[in-house]
Amino acid sequence: MDKLFELLELETRRQNEELNLIASENFASKNVRLFAGSIFTNKYAEGYPHRRYYGGCENVDSVEELAIARVSKLFGVKFANVQPHSGSQANMITYMALLNEHDKILSLSLDQGGHLSHGSPVNFSSKLYEVHHYTLGEDGRLDYDLILRMAREIKPKILLAGFSAYPFIIDFKRLRAIADEVGAYLMADIAHIAGLIAGKAIPNPLSYVDVATSTTHKTLRGPRGGIILTNNEEIIKKVNKACFPGVQGGPLEHIIAAKAMCFEEASDNTFQEYAKNILLNTKACNDEFLKLGATVSGSETHLFLLNTKKSYQITGKEAENLLSEIGVTVNKNMLPFDDEKPTVTSGLRIGFAALTTRGLNVEQARLIAHIIHSYLSRKLDKEEARKQVIEITSSLRKVEEI
Ligand code: DSN
């Protein structure tokens, strides 16, 4: 048997037997995986529906039109591009559509909870554009007065909101007013919260922004990929041109089919229940940590930050490694104003989109806080902690059956 089949089996086992608390991951459904692995992968389709550079595109045209119609309805927008291969690509395409080289972007930096493609010094975004960063307030929340002051001074062409490690609801109405005052586009990167918006668990910001980018695989629970949404016809024309032929070549039509499947699933009432349960589980776990005396950020979304340095006198890296010994999968994450390097960090980002898909409930979310807290405080030995993890994972839905 090819080694790959063995690896697939090992990965299935790992996903079933570990508690996945990585805030950006999820478990896609059988149907999403069916289309992601379908024969649509055989088709080249450069261009857009009915304007392709290849023959034989009649079926993929319908697939892409279906994906566009479904995602537009799901988020309440007029226009969408479903071709970006990833969230970073979606961001690059949007910058290319709206900016000239060296134009200014005002965004949150990676170390405060932003994203690489929002202007990190090691990313294309800071090499092509002049990026300025606002910071969070001391309470770990967006400081809208500071954003206003900086926007007035810098006059960015894009005011960018949307984050990878921000646990609170964003006031997009306020950001709209700031963007209007300085004549900037308001761009939202909703990659982390897209599923919460689609599931109506948090407010939909789409009516406030000029353009939104997202991935489809985080809280939205689809295949790995990106999308761009807007209500502005001029913007979608520029976005479409920037996507193809600007940045990408042939779209991944099998992934677009899987996206269309995920948009259908996310428009079902059961998805609203799911999105609500993500918030309940996340808050339950955060609040249990608080009761136990740990330092956590609080949460209004699918994630919170655990300060491992303050709580257990260990770095995020050490905590991540320790937890992996007992089958708890997390990622170290910089905390606002962190003095550790990104490869070390002072804490963890903990999210519940994935485990909620497997049917985790609030009591189990609280129990997870106890296991992590006791293990990192050295009050629980490895064997007992692993046993408690297995008790939870074996009660959850199997990932291949989702
Ligand atoms: N790497 C993703 C995350 O973990 O949030 C963002 O692209």
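Computed from a predicted model, the values in this text were never measured in an experiment. Think of each chain on its own: its residues are numbered from 1, step by step along the sequence as written. Local features in this predicted model are restricted to residues of pLDDT 70 or higher, and side-chain atom pairs are both shown and tallied only at a pLDDT of 80 or more, whereas totals for entire chains, interfaces and linings draw on every residue. Excluding hydrogens and water, the side-chain values take into account all heavy atoms of the structure.

### A look at the overall build of the protein
Item 1. Strands here mean DSSP runs of E at least two residues long; helices mean DSSP runs of H or I at least four residues long; both are numbered from the N terminus. Tallying secondary structure elements over the protein gives 16 helices and 15 strands in all.
Item 2. We compute the radius of gyration from the C-alpha atoms alone; for a globule the expected value is 2.2 Å times N to the 0.38, where N is the number of residues. Rg of the C-alpha trace for the protein: 21 Å, near the compact-globule value of 21 Å for 402 residues, within the 12% margin.
Item 3. On the principal axes, the C-alpha backbone points of the protein span a range of 60 × 60 × 40 Å.
Item 4. Exposed residues in this analysis have more than 50% of their type's maximum accessible area, buried residues have under 20%, and partly exposed residues fall in between, with area computed by a 1.4 Å probe over protein chains only. Residues classed as buried in the protein amount to 58% of the 402 residues present.
Item 5. Only the protein chains shown count as cover for residues, and the accessible areas themselves come from Shrake-Rupley with a 1.4 Å probe. With an accessible surface of roughly 17,400 Å², the protein has 51% of that area assigned to carbon and sulfur atoms.

### Considering the sheet that holds strand β12 (residues 303-307)
Item 1. One requirement defines pairing of two strands: DSSP has to find at least two bridges between them. With respect to topology, four strands assemble into an open sheet ordered β11-β12-β15-β14, the strand pairing being antiparallel. Lying at the two open borders of the sheet, with one neighbouring strand each, are β11 (295-296) and β14 (331-333).
Item 2. With five bridges connecting them, β12 and strand β15 (residues 347-351) associate as antiparallel partners. Residue pairing across strands places L303 opposite G351, the latter belonging to β15.
Item 3. On top of the sheet, helix α13 (residues 316-325) reaches β14 and β15; it is set at about 50° to β15, its chief contact. Only heavy atoms enter the contact rule, under which two residues are in contact if any of them lie within 4.5 Å. In this analysis an axis means a line fitted to C-alpha atoms, helices contributing only their contacting stretch, and an angle means the value between N-to-C directions, from 0 to 180 degrees.

### Quick look at the pattern of salt bridges
Item 1. Between Lys or Arg on one side and Asp or Glu on the other, a salt bridge is scored when a side-chain nitrogen of the former is within 4 Å of a carboxyl oxygen of the latter. Applying the stated criterion to the full structure yields 24 salt bridges.
Item 2. Between R14 and E18 there is a salt bridge; the shortest N-O distance is 2.9 Å.
Item 3. Across the pair D103 and K157 runs a salt bridge whose closest N-O atoms are separated by 3.3 Å. With a gap of 54 residues between them, D103 in the loop between α4 (87-98) and β5 (104-108) and K157 in the loop between α6 (144-154) and β7 (158-161) connect regions that are remote in the sequence.
Item 4. Its relative accessible area of 18% is what places D103 among the buried residues.
Item 5. Overlapping salt bridges, with partners in common, bring together R52, D61, E64 and E253 in one network.

### A few points about the packing of helix α15 (residues 362-376) against helix α16 (residues 382-393)
Item 1. It is the contact of α15 with α16, at a shortest axis distance of 10 Å, that shows an interaxial angle of 165°. As summarised for this structure, α15 and α16 are arranged roughly antiparallel, according to the angle between their axes. For the crossing formed where α15 meets α16, the hand is left-handed. Contacts from Q364, L367, I368, I371 and Y375 of α15 reach α16 at K382, A385, Q388, V389 and I392.
Item 2. Note on residue classes: Ala, Val, Leu, Ile, Met, Phe, Trp, Tyr, Cys and Pro are nonpolar, Asp, Glu, Lys and Arg are charged, and everything else, Gly too, is polar. Per-class residue counts for the contact of α15 with α16 are seven nonpolar, two polar and one charged. Geometric relationships in this document are graded by angle, where less than 35 degrees denotes roughly parallel, more than 145 denotes roughly antiparallel, 65 to 115 denotes roughly perpendicular, and other angles denote oblique. Handedness of a helix crossing follows the sense of rotation of the near helix relative to the far helix, less than a right angle counterclockwise being left-handed and clockwise being right-handed.

### Structural notes on the environment of R174
Item 1. Assignment of secondary structure puts R174 in helix α7 (residues 172-182).
Item 2. When the C-alpha positions of R174 and D143 are compared, they lie 11 Å apart, and in sequence the two are 31 residues distant.
Item 3. Other than its neighbours up to four places away in sequence, R174 contacts Y144 and D145.

### Structural notes on the sheet that holds strand β4 (residues 79-81)
Sheet strands pair by backbone hydrogen bonding; their relative direction is either parallel or antiparallel.
Item 1. If you trace the seven strands from one edge of the open sheet to the other, you get β4-β10-β9-β8-β7-β5-β6, paired in mixed fashion. Either end of the sheet is taken by a strand with one partner, and the two such strands are β4 and β6 (130-134). Along the sheet, successive strands turn relative to each other by an average axial angle of 20°, direction set aside.
Item 2. Pairing of β5 with β7, which is carried by two bridges, proceeds in the parallel orientation. Counted as the bridge partner of L106 is L159 from β7.

### A look at α13
Item 1. Here α13 has its buried residues at G316, A319, E320 and L323. All buried residues of α13 fall inside an arc of 100° around its axis, so they share one side.
Item 2. Where α13 is buried, its residues touch α12 (308-312), β13 (328-329), β14, β15 and α15. To be clear, the arc concerns the directions from the helix axis to the C-beta atoms.

### Considering α15
Item 1. Between its first and last C-alpha, α15 extends 21 Å over 15 residues, near the 21 Å set by a 1.5 Å rise per residue.
Item 2. By the burial criterion, the buried members of α15 are Q364, A365, I368, A369, I371, I372, H373, S374, Y375 and L376.
Item 3. Throughout this description, a polar contact denotes any pair of N or O atoms lying within 3.5 Å of each other; where both atoms belong to protein, one of them has to be capable of donating a hydrogen while the other can accept it, and for residues adjacent in sequence the pair is counted only when both atoms sit in side chains. Measuring from the backbone nitrogen of E363 back to the side-chain oxygen at the start of α15 gives 3.2 Å, which picks out N361 as the cap.
Item 4. Just downstream of α15 lies R378, where phi reads positive at about 60°. Any helix carries an expected span of 1.5 Å times its number of residues minus one.

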